[in-house]
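# Coordinate inspection notes
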Number of protein chains: 2
Amino acid sequence: MSPTASSLFAFAGGTQGPWEITDSNAIAGDGLDHASRLSVVKGPVAAGGDNSWVLRGFTSNVRYVERSEREALAASQPPLGRAEATRAALIPIRKSPAWWDLAQDERRAILEDQSHHIEIGLRYLPAVARQLHHCRDLGEPFDFLTWFEFAPSDANAFDELVGLLRSSEEWAYVDREVDIRLSR
Amino acid sequence: MSPTASSLFAFAGGTQGPWEITDSNAIAGDGLDHASRLSVVKGPVAAGGDNSWVLRGFTSNVRYVERSEREALAASQPPLGRAEATRAALIPIRKSPAWWDLAQDERRAILEDQSHHIEIGLRYLPAVARQLHHCRDLGEPFDFLTWFEFAPSDANAFDELVGLLRSSEEWAYVDREVDIRLSR
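Residues numbered from 1 in each chain as written. Chains lettered and ligands numbered in written order. Predicted model: local features only at pLDDT ≥ 70, side-chain atom pairs only at ≥ 80, totals over all residues. Heavy atoms only, no water.

## With respect to unusual backbone geometry
All names here are of chain A. Operational definition: Secondary structure elements are defined from DSSP: runs of H or I of at least 4 residues count as helices, runs of E of at least 2 residues count as strands, and each element is numbered from the N terminus.
For the bond running from leucine 125 to proline 126, omega is 0 degrees, close enough to zero to count as cis. Mapped onto the secondary structure, proline 126 falls in the loop between α4 (117–123) and β6 (129–134). Positive phi is not limited to glycine here, since histidine 116 has a value of about 55 degrees. With respect to the helices and strands, the residue histidine 116 is situated in the loop between α3 (104–114) and α4.

## Brief notes about the interface of chain B and chain A
To be explicit about the condition: Whether two residues are in contact is decided by their heavy atoms, any of which lying within 4.5 Å being enough. Values labelled buried area give the accessible surface lost by two parts on being combined, using a 1.4 Å probe and summing over both. For salt bridges, the criterion is a side-chain nitrogen of Lys or Arg within 4 Å of an Asp or Glu carboxyl oxygen. Polar contacts, as used here, are pairs of N or O atoms within 3.5 Å; protein pairs need one atom able to donate a hydrogen and one able to accept it. Residues neighboring in sequence count only if both atoms are side-chain atoms.
Across the boundary between the two partners, chain B contributes 26 residues, which contact 26 residues of chain A. Interface area, chain B with chain A, both sides summed: about 2,100 Å², of which 40% is carbon and sulfur. For the pair chain B and chain A, the number of links is four salt bridges. A:Asp137 serves as the salt-bridge partner of B:Arg63, at 3.1 Å between the closest nitrogen and oxygen. Along the contact surface separating chain B from chain A lie 16 residue pairs in polar contact (both at pLDDT 80 or more). Listed by contribution, the elements that provide at least two residues to the side of chain B that touches chain A are β4 (53–59), α1 (67–76) and α3 (104–114) of chain B. With four residues, α3(B) is the largest single contributor of residues to the side of chain B that touches chain A.

## Focus: the nonpolar core
Note the cut-off: Take the buried residues of types Ala, Val, Leu, Ile, Met, Phe, Trp, Tyr and Cys, join any two whose side-chain atoms come within 4.5 Å, and each joined set is a nonpolar core. To sort residues, take the accessible area from a 1.4 Å probe on protein chains only and compare it with the maximum for the residue type: under 20% means buried, over 50% means exposed, and anything in between is partly exposed.
Residues B:Ile91, B:Trp99, B:Val128, B:Phe148, B:Phe158 and B:Leu161 are the most contacted members of the largest nonpolar core, which totals 27 residues. The element that contributes the greatest number of residues to this core is helix α5 (residues 155–166) of chain B, accounting for four residues. When sequence neighbours within four positions are dropped, the list of residues in contact with B:Phe158 reads B:Ala89, B:Ile91, B:Val128, B:Phe148, B:Phe150 and B:Arg181. Among the nonpolar cores identified, the runner-up in size contains 26 residues, and A:Ile110, A:Ile118, A:Ile120 and A:Trp171 belong to it.

## Describing the pairing of strand β2 (residues 19–28) of chain B
Stated formally: Any two strands with at least two DSSP bridges between them are considered paired.
In this sheet, strand β3 (residues 37–42) of chain B lies alongside β2(B) in antiparallel orientation, the contact comprising two bridges. Note that in β3(B) the partner of B:Trp19 across the bridge is B:Leu38.

The analysis is restricted to geometry; functional conclusions fall outside its scope.
Here it is, written out as structure tokens:
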């Protein structure tokens, strides 16, 4: 898949799926209902059925990454689905109306110049594979669903990465966040 | 509605609706099937029925506009639905894979530094009201649907605006475009 292709994905939490949900914590705002397993499905998935919740989002073109950053990312970003990456995290977040009311240059300045979001992510490559899904424009309860995959030996590094982002200026605009950890 | 709110709209071409379709021309790539009238509906609309075609898109936050430009736009942008604005245009466009493979700074440079897209639009305010709808991420046949409203006496100015944009560097990345003109 091209990194800029737009594809819909559904993350369904319930009693089925290849991933065991080992932990789910509300970091900001409301959490999600209990689910023991997760399936990730490409394409539309109806809500309800056996699922406790279904979160939908689409992959898309980059919105902030500049050319030099893109080249650095492309040089060290691992693919999803590595055999050794048996740990994962699904982190749905919503940003405040104040964030969405900012112009493009103001959001970029907070995201990278002040918060170093892209640079921090680069430090944890190639250990942590990452895929961003957009959902605000679908009328979903969250704005973004980020999916991460890593080996058990990189779990501490992943916690460090998440901690650095949460202490950044950008995170002052996050008004709902759930941290779901998984194992397969 | 907040300019940054995300809302789905459907543009349905067929035999019904308040807008008469007075002209429809394929500027690049394939045109659209014949339709005599257009309705604009907020929310989901099923394809088929009496419609020749249904194009869907969502309003969203700005993707390129910087703070100073945003203030200039806010100072002179007219609302949709002015009594005197009895002429409209719906211009669906699709951009090439080469465009979507560019990084954010490369797309911004082509759109504004080289093509003056935002500055050209500002010159035709407050005559021409405009609303952009995004549709690439919905898997639609076009990437953007732009809706314009103006008075009959501003129709020549609108043609000039469209001509300036079509001769810009940015338009080298447009691989499908239909120009639909309407009257009510």
